[in-house]
Amino acid sequence: MIAGRFITLEGGEGAGKSTQLRALAAALRARGLDVVETREPGGSDGAEAIRALLLTGGADRWSARAEALLFAAARADHIEKTIRPALARGAWVLSDRFLDSSRAYQGQGALTDADILTLHRIGSDGFLPDRTLLLTLPEGEATGRAKARDGDAEDRIGGRASDFHRAVADAFSRFALEEGARVHAIDASGPAEIVTLRLLDAIEDLLP
Ligand code: T5A
């Protein structure tokens, strides 16, 4: 049986994660692989219910600590109900965001990166992806893509100030520098088809 693999796509708002996840899934299916497409927050019934709590409502609906705990709880359910069963049957699981988003978004303020990793150890035994593809795009370009799609409609977290999103981008870049074996930074500029080829190149060594 082919070994299942767990691949995550990360990056800021509008970098093209959802677009690339669909394209990557299609490319892997064309190679005969069983592929599961999923996302965070969400990806299981329980986690999707938590997603609605996290992304709607006023900016101060949750404290920083409550927000981090909700993401960790959603992730625990997602891993247990969706990711692990799919990997166990030999599927490739592609997730639009995962732990590194919590580290970048929730681990740069009231809580540290170490705190987020502790929550992940408690919630999910510290389970990590086989490879994380970090889509990088200059700030203006990413904002332009997101605005072209959504106008001014932003969710609870996406709508935070640009300083916050800059700190998120810096944190992601740091993960790629410090954890280079797992986290590969991919240039997300240019036509979507070209970006997909870059992503395929970055997982070539994992393919059967
Ligand atoms: N969050 C999430 C946390 O704070 N902590 C966590 O632990 C987790 C898991 C989730 C929010 O939750 C936060 C982060 C987020 O704020 P979401 O609704 O899931 O929010 O949305 P995002 O993950 O932010 O993703 P977006 O939908 O904003 O953007 P994507 O998926 O990166 O981009 P995509 O593919 O939708 O593309 C955006 C637009 O650009 C076009 C697309 O057609 C689309 O219109 N596009 C391109 N245009 C030109 N060239 C290309 N190459 C293009 N690729 C895509």
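Residues numbered from 1 in each chain as written. Predicted model: local features only at pLDDT ≥ 70, side-chain atom pairs only at ≥ 80, totals over all residues. Heavy atoms only, no water.

As annotated in an unreviewed UniProt entry, the protein chain carries the name Thymidylate kinase and is attributed to Sphingobium cupriresistens. In its Sequence similarities (unreviewed entry) section, the UniProt entry covering the protein chain states "Belongs to the thymidylate kinase family." In its Function (unreviewed entry) section, the UniProt record describing the protein chain reads: "Phosphorylation of dTMP to form dTDP in both de novo and salvage pathways of dTTP synthesis." (UniProt positions renumbered as here; feature names shortened; annotations may be inferred.)

Q: Would you explain empty space enclosed by the protein in this entry?
A: To locate leftover empty space, one rolls a probe as large as a water molecule over the atoms. All told, the structure shown has one cavity of 30 Å³ or more when counted by the stated rule. For the largest cavity, the calculated volume is near 70 Å³. Around the largest cavity, the lining residues are A68, A72, R75, L99, S102, I116, L119, H120, G123 and S124. At the level of secondary structure, the elements contributing two or more residues to the lining of the largest cavity comprise helix 3 (64-88), helix 4 (99-106) and helix 5 (113-124). (1 Å grid on protein atoms, 1.4 Å probe; cavity = no way out; pocket = protein on both sides within 12 Å on 5 of 7 lines; lining within 4 Å. Points joined across faces, edges and corners; volume = space filled by probe spheres on them. Helix = DSSP H or I, 4+ residues; strand = E, 2+ residues; numbered from the N terminus.)

Q: Please clarify how the packing of helix 1 (residues 17-30) against helix 8 (residues 192-203) should be interpreted in this entry.
A: The packing of two helices is summarised by the inter-axis angle and the distance between the axes. At their nearest, the axes of helix 1 and helix 8 sit 10 Å apart, and the two run at 60° to each other. Regarding the angle of helix 1 to helix 8, the classification is oblique. You can see that helix 1 and helix 8 cross each other, and the crossing is right-handed. Contacts between helix 1 and helix 8 involve T19, Q20, A23, L24, A27 and L28 on the former and, on the latter, A192, V195, T196, L199, L200 and I203. (Axes fitted to C-alpha atoms, helices over the stretch in contact; angles between N-to-C directions. Parallel < 35°, antiparallel > 145°, perpendicular 65-115°, else oblique. Left-handed = near helix turned anticlockwise from the far one by under 90°. Contact = heavy atoms within 4.5 Å.)

Q: Would you take a moment to explain the UniProt feature "domain: Thymidylate kinase-like" (unreviewed entry) in the protein chain for this structure?
A: In the numbering used here, UniProt assigns the "domain: Thymidylate kinase-like" (unreviewed entry) feature to residues 9-195. Secondary structure across residues 9-195 comprises 55% helix and 12% strand; the distance between its end C-alpha atoms is 12 Å.

Q: Just to check I follow, could you spell out the sheet that holds strand 5 (residues 183-187) for this structure?
A: Pairing between the strands of a sheet is mediated by backbone hydrogen bonds and can be parallel or antiparallel. Spatially, the five strands line up as an open sheet ordered 2-3-1-4-5, and their pairing is parallel. The sheet is open, and its two edges are formed by strand 2 (35-39) and strand 5, each paired on a single side. Mean inter-strand twist for the sheet, computed between neighbouring axes without regard to direction, equals 20°. Both strand 1 (residues 5-10) and strand 3 (residues 92-96) contribute to a ladder of five bridges, which runs parallel. Its bridge partner lying in strand 3, F6 is registered against V93. (Pairing = 2+ DSSP bridges.)

Q: Looking at this structure, how should I read the site of the ligand?
A: Surveying the vicinity of the ligand reveals 27 residues, the closest of which are S18, T19, R97, S102 and R149. T19 places a side-chain nitrogen or oxygen 2.5 Å from an oxygen atom of the ligand. Taken by itself the ligand offers 1000 Å² of open surface, and the protein chains cover 82% of this. Of all the elements in the fold, those that place two or more residues in the shell around the ligand are helix 1, helix 2 (45-55), helix 3, helix 4 and helix 6 (139-150). In terms of residue count, helix 4 provides more of the shell around the ligand than any other element does, four residues in total. Per-class residue counts for the shell around the ligand are eight nonpolar, 10 polar and nine charged. (Near = heavy atom within 4 Å. Polar contact = N/O pair within 3.5 Å; in protein donor to acceptor, adjacent residues only side chain to side chain. Areas by Shrake-Rupley, 256 points an atom, 1.4 Å probe, with all protein chains shown as cover. Nonpolar A, V, L, I, M, F, W, Y, C, P; charged D, E, K, R; others polar.)

Q: What should I look at first to understand the nonpolar core in this one?
A: Buried together is how nonpolar side chains tend to be arranged in soluble globular proteins. With 23 residues, the main nonpolar core has I7, L24, L28, W92, L94, L133 and I203 as its most contacted residues. Secondary structure elements with two or more residues in this core: strand 1, helix 1, strand 3, strand 4 (131-136) and helix 8. The next biggest cluster of nonpolar side chains, apart from the first, holds 17 residues, and it includes L54, Y105, I157 and A171. (Core = buried A, V, L, I, M, F, W, Y, C linked by side-chain atoms within 4.5 Å. Buried < 20%, exposed > 50% of the residue type's maximum accessible area, 1.4 Å probe, protein only.)

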